[in-house]
Amino acid sequence: MLDIRANLGRVQEAVARACARSGRSPDHVLLIAVSKTMDAERIRMAVAAGVAALGENRVQEAREKIEVLGRPVPWHLIGGLQTNKARDAARLFDWIHSVDRVELAQELSRRAHAAERTLNILLQVNLGDEPQKGGVAPAETKRLCEAVADLPGLRVRGLMAIPPAAPTPEETRPHFRTLRELRDSLGLEHLSMGMSADYEVAIEEGATMVRVGTAIFGPRQTPPLSSGKGAG
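Draft legend 1. Spotlight on the overall build of the chain. For the chain, the helix and strand inventory stands at nine helices and eight strands. The C-alpha radius of gyration computed for the chain amounts to 17 Å, which stays within 12% of the reference 17 Å derived for 232 residues, consistent with globular compactness. Taking the principal axes of its C-alpha atoms as reference, the chain extends roughly 50 × 45 × 30 Å. The buried share among the 232 residues of the chain stands at 51%. Put simply, 59% of the contacts in the chain that link residues at least 6 apart link residues at least 24 apart.

Draft legend 2. The nonpolar core, seen in detail. Residues F93, I96, L108, L123, L159, I216 and F217 are the most contacted members of the largest nonpolar core, which totals 67 residues. The dominant element in this core, judged by the number of residues it contributes, is helix α1 (residues 4-21), at seven residues. Each residue touching F217, except ones within four places of it in the same chain, is listed here: L2, I4, A33, V34, S35, M38, R42, I43, A46 and L54. Ranked by size, the runner-up nonpolar core spans six residues in total, among them I32, W95, L122 and M209.

Draft legend 3. How the structure looks around the layout of surface pockets. In this structure, the largest pocket spans a volume of roughly 320 Å³. If you go around the largest pocket, you meet 21 residues; those closest to its centre are K36, N57, I78, I162 and M195. Residue composition of the lining of the largest pocket, grouped by class: six nonpolar, nine polar and six charged. The space that makes up the second largest pocket amounts to roughly 210 Å³. Lining the second largest pocket are 14 residues, with P164, A165, A166, T172 and D198 positioned closest to its centre. Among the residues making up the lining of the second largest pocket, the classes are represented as nine nonpolar, three polar and two charged.

Draft legend 4. Highlighting the side chain of D100. One can find D100 in the loop between β4 (95-99) and α5 (102-114). Sequence-distant contacts of D100, defined by excluding residues within four places in its chain, comprise Q124, G134, G135, V136 and L144.

Draft legend 5. Quick peek at the pattern of salt bridges. Inspection of the entire model under this criterion finds 22 salt bridges. Across the salt bridge formed by R91 and D88, the nearest N and O atoms sit 3.5 Å from each other. Linking R91 with D88, this pair stays in helix α4 (residues 86-92), spanning three residues, or about one helical turn. The exposure class of R91 is partly exposed, given its relative accessible area of 42%. Each member of the salt-bridge network shares a partner with another, and the members are R21, E170, R173, R177, R180, E200, E204 and E205.

Draft legend 6. Summary view of α1. Look at α1: 26 Å from first C-alpha to last across 18 residues, which is about the 26 Å you get at 1.5 Å a residue. Where α1 is concerned, the buried positions are I4, N7, L8, V11, A14, V15, A18 and C19. One side of α1 holds all its buried residues, which, seen down the axis, span an arc of 140°. Exposed positions of α1 whose direction lies more than 90 degrees from the buried face are R5 and A20. Along its buried surface, α1 packs onto β1 (30-34), α2 (40-49), α8 (199-204), β8 (209-212) and α9 (214-217). Two or three places before R5, at the opening of α1, D3 has a side-chain oxygen 3.3 Å from that residue's backbone nitrogen. With its phi angle positive at about 65°, G23 sits one or two positions after the end of α1.

Draft legend 7. Seen up close, the packing of α2 against helix α3 (residues 59-69). Following both chains from N to C, one finds α2 and α3 inclined at 60°, their axes separated by 11 Å at the closest point. Crossing geometry of α2 relative to α3 is assigned as right-handed. Taking contact as the criterion, the partners of A40, I43 and R44 in α2 are, on α3, K65, V68 and L69. Among the residues making up the contact of α2 with α3, the classes are represented as four nonpolar, no polar and two charged.

About the criteria used
Residues numbered from 1 in each chain as written. Predicted model: local features only at pLDDT ≥ 70, side-chain atom pairs only at ≥ 80, totals over all residues. Heavy atoms only, no water. Helix = DSSP H or I, 4+ residues; strand = E, 2+ residues; numbered from the N terminus. Rg over C-alpha atoms; globule rule 2.2 N^0.38 Å. Buried < 20%, exposed > 50% of the residue type's maximum accessible area, 1.4 Å probe, protein only. Contact = heavy atoms within 4.5 Å. Core = buried A, V, L, I, M, F, W, Y, C linked by side-chain atoms within 4.5 Å. 1 Å grid on protein atoms, 1.4 Å probe; cavity = no way out; pocket = protein on both sides within 12 Å on 5 of 7 lines; lining within 4 Å. Points joined across faces, edges and corners; volume = space filled by probe spheres on them. Nonpolar A, V, L, I, M, F, W, Y, C, P; charged D, E, K, R; others polar. Salt bridge = Lys/Arg side-chain N within 4 Å of Asp/Glu carboxyl O. Expected span 1.5 Å × (residues − 1). Arc of directions from axis to C-beta. Polar contact = N/O pair within 3.5 Å; in protein donor to acceptor, adjacent residues only side chain to side chain. Axes fitted to C-alpha atoms, helices over the stretch in contact; angles between N-to-C directions. Left-handed = near helix turned anticlockwise from the far one by under 90°.

Purely geometric numbers; function is a separate question.
Printed below as a string of structure tokens:
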């Protein structure tokens, strides 16, 4: 039987160990439970077990879940975002990790301001120059940050990255370090980096948010939640 509470406890212990190795407090690392493809009951179990934030990749899937579950904890959009989905994203999410162009930030600003909301945003950086991934080039991050810093309805809080895949977590460490140095150069607060396979190394390199899914929820489910019927 799936034991989300036990899984969460193991991840929290690993977070604490990584913080101890790097002289940090676990209170400074937000564990985001990535609930993409997970059904409402698994998410309820995770919230009951004590997760502090939920992460989704797709606006449509998140909309359906929020209609069923409400907002027991903040919702984070961690997947790529098309400009034409900005209206819904600005309404649904508390944090958006994937802002990588001025046009998207401007549309989020317009939608958030109209809804009288303030969105926390992270700028996504493409550390490996990978065309299949979103993100601004490291050399262009400062320019993007300056362009969106004063947009109404938005608060630029930090940087996010999904580093190139590597055979071992240790081989990802230089990418995490690069993102931290870039964050520091911009005077920002947060670093969203590290997933189930490498979040401990990310924490050692300064992550303030880690995005962990399967280590908490177990294997991904298919198909994802498609209806809120029958749920309270």
